[in-house]
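# Structural characterization, general
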Amino acid sequence: MRKLFSALSLLAIGSLFATNEEATRPNIIIIMCDDLGYADVGFNGSSDIRTPHLDKLAEEGIHCTSGYVPHPFCGPSRMGMMTGRYPHSFGTPFNLPAASRGYKKYNKLGIPTNEVLLSKMLQNNGYYTGLVGKWHLGVTPDYHPNVRGFDDFYGFLGGGHSYFPKVYQAKYNAAKARGTKKIFDYLLPLEHNGEQVQETEYLTDGLSREACRFIKEASQKEDPFFLFLAYNAPHSPLEAKEEDKAQFLNITDENRRTIAGMIFAVDRGVGRIVDTLEKTKKADNTLIVFLSDNGGKVEYGSNNHPLRGSKGDTLEGGYRVPFFFHWPAGFSQARKYPHPVSSLDFYPTFAALAGGEIPADKKLAGKNLLPFLESGKNARPGEMIYTLRHRMSKGDRSHHQVGGRRDQWKSYYDLDGWKLYNVQIDPGEKNNLAEKHPKILQQLVTEMSEWAQTHSTPQWFDDPAQEKRWHDQELPFYDKTFTLEPTHPQ
Ligand code: CA
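Owing to the predicted nature of the structure, the values given are computational and were not obtained by experimental measurement.

## Observations concerning the overall build of the protein
Of the regular secondary structure elements, the protein holds 16 helices and 17 strands. Over its C-alpha trace the protein gives a radius of gyration of 22 Å, about what one expects of a compact globule, namely 23 Å for 490 residues. With the principal axes as the frame, the protein shows a C-alpha extent of 65 × 60 × 50 Å. Buried positions account for 62% of the 490 residues belonging to the protein.

## Remarks on the pattern of salt bridges
Applying the stated rule across the entire model yields 30 salt bridges. The residue Arg213 makes a salt bridge to Glu210 at a minimum N-O spacing of 2.7 Å. Of the two residues, Arg213 and Glu210 are both situated in helix H8 (residues 203-218); the distance of 3 residues between them amounts to about one turn of the helix. The same class applies to Arg213 and to Glu210, which are both buried.

## Digging into the coordination of the calcium ion
Here the calcium ion is held by Asp34 (OD), Asp35 (OD), Cys74 (SG), Asp293 (OD), Asp293 (OD) and Asn294 (OD1), and the distances to it run 2.2 to 2.6 Å. Coordination at the calcium ion comes from 6 donor atoms whose angles at the metal span 52 to 156 degrees, giving a geometry best classed as irregular. When the donors of the calcium ion are listed by position in the chain, the intervening gaps give D-D-x38-C-x218-D-N. With a gap of 259 residues between them, Asp34 in the loop between strand E1 (27-33) and helix H3 (52-60) and Asp293 in the loop between strand E9 (286-292) and helix H11 (316-319) connect regions that are remote in the sequence. A residue is classified by how much of its surface remains accessible, and Asp34, at 0% relative accessible area, is buried.

## Digging into the nonpolar core
By size, the foremost hydrophobic cluster in this structure holds 81 residues, and its most contacted members are Ile30, Leu118, Phe226, Phe228, Phe325, Phe346 and Phe350. If one sorts the elements of this core by residue count, helix H14 (residues 438-452) sits on top with 7 residues. Viewed by domain, this core spans two of them, domain 1 (7-375) and domain 2 (384-481), each represented by three or more residues. Those residues in contact with Phe346 that sit more than four places away from it in its chain are Ile30, Met81, Leu118, Val289, Leu291, Phe323, Phe325 and Ala351. Counting 51 residues, the second largest nonpolar core, distinct from the first, contains Ile31, Leu54, Ala211 and Leu229.

## Comments concerning the packing of H3 against helix H10 (residues 254-279)
Their axes nearest at 7 Å, the elements H3 and H10 cross at an angle of 55 degrees. Here H10 runs oblique to H3, going by the angle between their axes. In this structure, H3 contributes Pro52, His53, Leu54 and Leu57 to the contact, and H10 contributes Asp267, Arg268, Val270, Gly271 and Val274.

## Details of the packing of H8 against H10
Viewed as axis vectors pointing N to C, H8 and H10 meet at an angle of 15 degrees, and their least axial separation amounts to 9 Å. Between H8 and H10, the angle falls in the class roughly parallel. Between H8 and H10 lies a crossing whose hand is right-handed. Each of Thr204, Asp205, Ser208, Ala211, Cys212, Ile215 and Lys216 in H8 lies in contact with H10, whose residues at this interface are Ala265, Val266, Arg268, Gly269, Arg272, Ile273, Thr276 and Leu277. The residue makeup of the contact of H8 with H10, split by class, is 7 nonpolar, 4 polar and 4 charged.

## Quick word on the domain arrangement of the protein
Structurally, the protein comprises domain 1 (7-375) and domain 2 (384-481). Measuring from the centre of the C-alpha atoms in domain 1 to the corresponding centre in domain 2 gives 26 Å. The interface is formed by 40 residues belonging to domain 1 together with 38 residues belonging to domain 2. Buried area between domain 1 and domain 2, both sides added, is near 3100 Å², and the carbon and sulfur share of it is 55%. Counting across the domain 1 and domain 2 interface gives 3 salt bridges. Among the ionic pairs, Glu316 bridges to Lys410, the shortest N-O distance being 3.0 Å. Taken together, domain 1 and domain 2 are joined by 25 residue pairs in polar contact (both at pLDDT 80 or more).

## Some details on the pairing of strand E17 (residues 417-422)
The element E17 is largely enclosed, with a buried count of 6 among its 6 residues. Alignment of strand E16 (residues 409-414) against E17, held across 6 bridges, turns out to be antiparallel. Each bridged residue has a counterpart across the sheet, and for Lys410 the counterpart in E17 is Tyr421. Counting the residues in the hairpin turn of E16 and E17 gives 2 residues.

Definitions and cut-offs
Residues numbered from 1 in each chain as written. Predicted model: local features only at pLDDT ≥ 70, side-chain atom pairs only at ≥ 80, totals over all residues. Heavy atoms only, no water. Helix = DSSP H or I, 4+ residues; strand = E, 2+ residues; numbered from the N terminus. Rg over C-alpha atoms; globule rule 2.2 N^0.38 Å. Buried < 20%, exposed > 50% of the residue type's maximum accessible area, 1.4 Å probe, protein only. Salt bridge = Lys/Arg side-chain N within 4 Å of Asp/Glu carboxyl O. Donors = N, O, S within 2.8 Å, 3.2 Å for Na, K, Ca; no water. Tetrahedral: all angles 85-135°; square planar, octahedral: opposite > 155°, others 65-115°. Core = buried A, V, L, I, M, F, W, Y, C linked by side-chain atoms within 4.5 Å. Domains from an automatic or database assignment. Contact = heavy atoms within 4.5 Å. Axes fitted to C-alpha atoms, helices over the stretch in contact; angles between N-to-C directions. Parallel < 35°, antiparallel > 145°, perpendicular 65-115°, else oblique. Left-handed = near helix turned anticlockwise from the far one by under 90°. Nonpolar A, V, L, I, M, F, W, Y, C, P; charged D, E, K, R; others polar. Buried area = accessible area lost by both parts, 1.4 Å probe. Polar contact = N/O pair within 3.5 Å; in protein donor to acceptor, adjacent residues only side chain to side chain. Pairing = 2+ DSSP bridges.

Next up, the structure:
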């Protein structure tokens, strides 16, 4: 197999393109699942859900066992990945509410247009770009994927979608017939570049088909391509094909058997994508990155073992996710990579691959991972990866949940105060070392406090009542959070 890039040339990849005619810029595919748990895939130890195509890619590639996303739920995680910046820094720590809820003030908003998205950066650098699947970053024309750097878009604009076309199309038609003005986003027709389409396949299969269609079209062009394949699965509604559920009769829990079927359909799609890459002779020089947008939702049957917590938590199970890079022409060997990496790293990493300019005013939070994935060295020794979630409640119970990872250390905050774990040997965050290592915890809390100073006021909330609560309770009151003194009401 040809190795276009040695470790050394990866370090100087920009000049490589200028001097070596043999080197061609790789195609890039992000495959993102929605709410996929850490142990919902074979390559991370699932013993009941089978994912043979994903496992093969993980085994051949760089399997990151400490791969993080910047937020423990959908919208802000994606906003972080697409901008290369923590969502709090530009006021997007909450999901955009479903358009059907009718909050006109929020429905006009989306990921701020002064943020040059990953897709736009690659498009500006000559990549042919496609998005297949979920967007969730704004529904009005100003925020549409086609104006945010995607030449081709097939999918849906909201935060999720139903899976069976006959069912959701019938519900949509019935709602229209009743004269319903605000039809639930999950039932809306899919679209292709702004035009409604009549999808006929189970959603995951339809998205896989469109991803293959994009690859075939893109492979005819001279330029490299970038595809963001954002599967909805296994996010609710829990809807699997009966034939896929029948693959898992050994699973007795109904929810788990259903998401097993949903994940099996994703894996089948990944197999089709790999076949398409091989048929179009693009398999060797295509970087595939696979991850989930947040941790699995345990109450819906996901398994985050050995991590503790669920989607939405700043415990590891909330935002440490299945994660690998696969690039036959680029990496000289397969490896497990244990050091912390983040989807925030995609922006600078892909910019390096594209030989591209990062906008001058862009303050990126991530790292160019290329030399580190190749060498196996830690990309950020002594540096932190953060996450912070606002938990809003009535009365005086609003608070934040915080997580900070630096090397082996994880600091975690919830209502009962700060904890410190060594997640290298204790990934399940069971053994609190706060009393044993108070200075380390203090360092981490201080550093997180400084990070929190970069946050700006949220641009939208789950609903207007929550926005009122934010102001009435004088959030974010970070001084109460970033202290080791127990000041918060218990
Ligand atoms: Ca999600």
